[in-house]
Amino acid sequence: MCGRYTLFTPTADLEARFDADFGDREPSYNCAPGQSLPVIADRDPGKTTRMEWGLTPSWADESFDLINARAETVREKRSFADAFERRRCLVPADGFYEWVGGDRGGGKTPYRVAFDDDRPFAMAGIYERWEPPTPETTQTGLGAFGGGAEGGETGDEPDAVETFSIVTTEPNDLVADLHHRMAVILDPDAGEEETWLHGGPDEAAALLNPYPSDDLTAHPVSTRVNSPSVDAPDLIEPVASD
């Protein structure tokens, strides 16, 4: 799976790499589910849009928070199928974390996977627009007798939320030592980012393969990354493995 990633590349470099406006942003060394993060959507690839990581289908009555979609079933599962057909996005990153071990009572060791030069890349994503159901209102106090808000209603309707999920596939040889899944990384030199955004469903499905491990590296990092509230440059620094 892909449960955390990094995006600390300077904004100017990201804009040059993706030919898109990234607006005001802070570097992140611990992008986590539930956070509002920049993605490049097919509808407007010239700029990033901030969406919450954890997809909720438009038809859902409650938040689903689906952070990953399996490549093997993304076209069939009801939660993902429409988004795959109609709403694909690039998820910019410059590394991601995986956790290893912990099967004998010990804690798992986090590893950071990235290109050896820390260059940014795009993970394949899908997105949805979800409108939370309007909560039922109750009448209390003066409102119950017509002395409060009109009709006894209080508050506004919940705002629509745009959410995204990262598509995962079988791991390459490097990631296989860390986890049984990995994010789909798109190859810009092969035109895969453009195809993912604007190609047909069959063309997009053909991209859902593990990225070759040749240029990727992995090293253990501090367990401080376990907490989504911790976001600091030293999280990506190598530490001694047990």
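Structure shown above.
Note on numbering: residues in each chain are counted from 1, in written sequence order. Confidence filtering applies because this is a predicted model: local features only for residues at pLDDT of at least 70, side-chain atom pairs given and counted only at 80 or more, and all residues used for totals across whole chains, interfaces and linings. Side-chain measures here rest on the full set of heavy atoms in the structure, leaving out hydrogens and waters.

## What about the overall build of the chain?
Threshold: Numbering of helices and strands starts at the N terminus; helices are DSSP runs of H or I of at least 4 residues and strands are runs of E of at least 2. Working definition: with a 1.4 Å probe on protein chains only, accessible area under 20% of the residue-type maximum means buried, over 50% means exposed, and in between means partly exposed. A contact between two residues is defined here by any heavy atoms of the two lying within 4.5 Å. To be clear on the numbers: accessible area is Shrake-Rupley with a 1.4 Å probe, and residue cover counts the displayed protein chains and nothing else.
When helices and strands are tallied, the chain shows five helices and 13 strands. Expressed as a percentage of its 242 residues, the buried residues of the chain come to 48%. Considering only contacts in the chain between residues 6 or more positions apart, those separated by 24 or more positions represent 69%. Approximately 12300 Å² of the chain is accessible, and the part contributed by carbon and sulfur atoms is 45%.

## Notes on the pattern of salt bridges
It is possible for side chains of opposite charge to pair when their charged atoms get near one another. Definition in use: Between Lys or Arg on one side and Asp or Glu on the other, a salt bridge is scored when a side-chain nitrogen of the former is within 4 Å of a carboxyl oxygen of the latter.
All told, the structure shown has 15 salt bridges when counted by the stated rule. Note that R75 and D202 form a salt bridge whose closest N and O atoms lie 3.0 Å from each other. Within this pair, whereas R75 is found in the loop between β5 (68–70) and α2 (78–86), its partner D202 is found in helix α5 (residues 201–205), the two being separated by 127 residues in sequence. The class of R75 is partly exposed, set by a relative accessible area of 31%. What emerges from the salt-bridge pattern is a single network uniting D82, R86, R87 and E128.

## A closer look at the environment of V184
Mapping V184 onto the fold places it in the loop between β11 (182–183) and β12 (185–186). With a relative accessible area of 0%, V184 lands in the buried category. Expressed as a C-alpha distance, the spacing of V184 and G125, which sit 59 residues apart in the sequence, is 8.6 Å. When sequence neighbours within four positions are dropped, the list of residues in contact with V184 reads A122, M123, A124, V167, T168, T169, L207, L208 and N209.

## A look at the nonpolar core
Keep this limit in mind: Nonpolar cores are built from buried Ala, Val, Leu, Ile, Met, Phe, Trp, Tyr and Cys residues. Side-chain atoms within 4.5 Å join them into one set.
In terms of nonpolar packing, the biggest core is built from 53 residues, with Y5, F96, M123, I126, F164, I166 and W196 touching the most fellow members. When residues in this core are grouped by element, the largest group, six residues, is from strand β9 (residues 121–130). Of all hydrophobic cores here, the second largest spans eight residues; its members include F8, Y29, L235 and I236.

## Remarks on the sheet that holds strand β13 (residues 216–220)
Going by this rule: Pairs of strands are assigned from DSSP output, requiring at least two bridges between the strands. Axes here mean lines fitted to C-alpha atoms, for a helix over just the part in contact, with angles spanning 0 to 180 degrees between N-to-C directions.
Spatial strand order, β2-β1-β7-β8-β13: five strands in an open sheet with antiparallel pairing. Both outer strands of the open sheet, β2 (28–31) and β13, are each paired with one neighbouring strand and no more. For this sheet the average axis-to-axis angle between neighbouring strands, irrespective of direction, equals 25 degrees. Bridge count for strand β1 (residues 5–7) against strand β7 (residues 95–100) is two bridges, and the pairing is antiparallel. Among the inter-strand pairings, T6 is bridged to a residue of β7, identified as G95.

## Focus: the pairing of strand β6 (residues 88–93)
Of all six residues in β6, six are buried, a share of seventy percent or more. Residues R88, L90 and P92 point to one face of β6 and C89, V91 and A93 to the other, with burial holding for every one of them. Relative to β6, strand β3 (residues 36–41) is paired through two bridges, and the arrangement is antiparallel. Residue pairing for β6: I40 is matched across the bridge by L90. The pairing of β6 with β9 spans six bridges and is classified as antiparallel. Counterpart to R88 in the pairing with β9 is I126.

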